Amino acid sequence: MKAPGSMISAIGVGFQYSGYETPSLGPTELEAQEGQLILLQGENGSGKSTFLRCLAGLMPQFYQGTPQGKLTVDGLDAFAAEPREFFGRCALVSQEPRSQAFCPSLFEEIAFGLRNLGLKQTLTSRVEDAAEAVGLTPFLGHPVRKLSGGQQKLALLACHLALRPKILLLDEPLANLDEDSQRRLLQLVAREKSQGTLVIVSEHQSSPLRAYTDVELTLNSPTVQLPDEQPLPLANFPPRSASTGWQAKDCAWGHQAVVLSDINFHLPTHPGLLITGANGSGKSTLLKALRGILPPRRGHLDFNGVPLKKQRLSHLASVLGYAGQHSDQHFFCLTVKEELEASARLCGRYDAAWLGWLAHQWGLDSLAERPPYHLSGGEKRRLLLAASLAAQPEVLLWDEPTAGLDSAYQNRVKTTISHLKHYGLSVIASEHQGTLPLERRIHLTQGQVFL
Amino acid sequence: MNDPRARFFLLVLYTTALSLATSLTTLGLLTALGSSVWVLPQVRTSTRAFLKAFIPSALVFGTVTWAFQGAIALDAVLRLAGLMLGPWAFFQTTEPESVYQVMLWLRIPRSWGFTFSVSRQFLEILSSDLTEIRHNLLTRGLPLDRPLKRWLALPRFLLPVLVSSFHTAEQLAETLETRGIGQLPKTKPTFRWKKSDSLGTLAGVLLVGFSLWTR
């Protein structure tokens, strides 16, 4: 029996995944009632996502491992009940929206859960309401996978909101969202809360959510500690060529459709650049284009006076470092240590002092022997940022480098950018908040570049 | 044609006609008829993907059968073109949801039908992941763009592909579970058969008749 209004009772809840040596979630206590907003905080790897999965009834039936303690969610024993018993009660919106969409259109995506609830008469209106709530009504006919990263997050949120769950679990909902989308999401959270929904949010950027928060729960992990800044190593950096940068002539870029069109610019490699813009404005597209992995659909893009499409992408790794949004898709080694060293070895730039400094700077020392794919989202991000630096490239192209990082490591990104200037490295990065210490900035809006 | 069942009938009848055809002229006519699906915009937009799959297959089949006789090679390539065109046009013009409905109508178990329709989406995700992974590994310096070294780098390319496939499958399974996959309602599919559907099916029957007549 649950107390009136009580939705969640967690007593000493912990979880250790099968095959892992240490628990991913330490003993955690929580009492939560309907209409509350619980803010989950903690460093990368402290177990926030694991706790949300426990609350969604996915442990240990779905993700195998050993649970600890007692967890009751809306009267159900979360470690004993079947995941399907949580459908309609609990909605979990995970960190990665990309692989959660499987229907041909946003309409069908939202309708999927509603059909499973057995709705027919009100289905269309519920779908339209949910799409309107997240501001995606014009995209109802589009496949979710073809929306921008931020729009995908909102689309998946709409799928769960349409089900009108009693408990809404949001895993880092603000990451990768522009200001407008963040504002919209905050309004939605406030609306859900006022309607009696228990909302539990795991978030690094806690400040915008604090205004609505009833309980703050900080998860601690004894294995997670921010390492001190070490002095820069005396790395043997290669001499820099006289780079002329990029020259774009009447370029248009995009995957399925043109996102950036009629683009003309001369972009020197130094002194770095911060790219800002709303979700879907083409920030990632521009970074991919500059790295050469997205050739222009029209026009010409030269790098150092040579058409980029004629240059070998693997050869350019020693000049242009790149860290895209999906960290997982950059790893190809069995341990963190190998991963960090791989680019340096491939480019013939192995420097033990530099790699040691990178491992320390990004808190990877203690993770050296772990498989990259077993790391938490934030740890993967740190590894990718470090790996992009390993080959001592001249320019770094970082797509949302701070997304998914806790505040301590967000600051570390900023201090690292300052350090890199000593070595003549420049950073070209995209970021919604625009807080990175880069002198030059451009703003993208509706497929145009404003310098 | 409005009803997905009619499109499915036409696909079955066209494939039957193609299989029954024995003369090169009939095969040529049927393939030319099949190529007319390119008037449909949904098919036209995926021409490049079709050719990417068709050209290597045709080269392999054509070369192997050429060893026997030129006419056999032409026969094999025409048959291959027709057999690829039919399902291609069907899946390009029929939404996964409609395919699922047709499968239910054919009394195929609900879970099989759903798995099939979701798998189609999964293949698209996997295909885009492959491209993304290749690009990302190139940016890390893995020589996947060098003629000989790419073969040596292949095992390293396969690791993230494998992990990504498992991860995507896991994520997909998680989201299906949290969005109620186990509770699919047992509703009957609804279709609307129109005059154009009857005409399309009749055309398919005529094609089979034509194929038999020219044997």
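Look above for the structure.
Our subject in this report is the structure included herewith. (Residues numbered from 1 in each chain as written. Chains lettered and ligands numbered in written order. Predicted model: local features only at pLDDT ≥ 70, side-chain atom pairs only at ≥ 80, totals over all residues.)

It is worth spelling out the interface of chain A and chain B at this point. Counting from both sides, the interface comprises 43 residues of chain A and, opposite them, 41 residues of chain B. Elements that contribute at least two residues to the side of chain A that touches chain B include exactly β6 (90-93), α2 (106-116) and α8 (336-346) of chain A. Here the side of chain A that touches chain B gets 5 residues from one element, more than from any other, and that element is α2(A). Here the side of chain A that touches chain B is composed, by residue class, of 24 nonpolar, 11 polar and 8 charged. (Contact = placed C-beta atoms within 7 Å. Helix = DSSP H or I, 4+ residues; strand = E, 2+ residues; numbered from the N terminus. Nonpolar A, V, L, I, M, F, W, Y, C, P; charged D, E, K, R; others polar.)

The next thing to look at is helix α9 (residues 352-361) of chain A. A turn of α-helix holds 3.6 residues, and therefore any two residues three or four places apart point the same way. Residues and elements named next belong to chain A. Those residues of α9 lying buried are Trp354, Leu355, Trp357, Leu358, Ala359 and Gln361. Residues of α9 that are buried make contact with α8, α10 (377-390) and α11 (407-422). Just downstream of α9, Gly363 is the residue with a positive phi angle, here 65 degrees. (Buried ≥ 20, exposed ≤ 12 C-beta atoms within 10 Å, placed from the backbone.)

Nonpolar side chains tend to gather and get buried jointly when the protein is soluble and globular. With 71 residues, the main nonpolar core has Leu340(A), Leu358(A), Leu364(A), Leu383(A), Ala386(A), Ala390(A) and Leu397(A) as its most contacted residues. Here the element with the most residues in this core is α10(A); it accounts for 7 residues. (Core = buried A, V, L, I, M, F, W, Y, C linked by C-beta atoms within 7 Å.)

Remark on secondary structure: sheet strands pair via backbone hydrogen bonds, oriented parallel or antiparallel. Residues and elements named next belong to chain A. Spatially, 5 strands are ordered β6-β7-β8-β3-β9 in an open sheet, and the strand pairing comes out parallel. Single-partner strands in this sheet number two, and they are β6 and β9 (215-218). Averaged over all pairs of adjacent strands, the angle between their axes in this sheet comes to 15 degrees, without regard to strand direction. In this structure, strand β7 (residues 167-171) lies alongside strand β8 (residues 198-202), joined through 5 bridges in parallel fashion. Of the residues in β8, the one forming a bridge with Ile167 is Leu198. Lying on the sheet, helix α1 (residues 48-55) is in contact with β3 (37-41), β6, β7 and β8; it crosses β8 at an angle near 155 degrees. (Pairing = 2+ DSSP bridges. Axes fitted to C-alpha atoms, helices over the stretch in contact; angles between N-to-C directions.)

Another aspect to go through is the pairing of strand β10 (residues 246-253) of chain A. All names here are of chain A. Examined bridge by bridge, β10 and strand β11 (residues 260-267) share 5 bridges and lie antiparallel to one another. When the bridges of β11 are listed, Gln247 appears paired with His266. Judged from the 5 bridges that link them, β10 and strand β13 (residues 298-303) form a sheet pairing that is antiparallel. Its bridge partner being in β13, Ala248 is matched across the sheet by Leu301.

In short, the description is geometric, and any link to function would need to be established separately.
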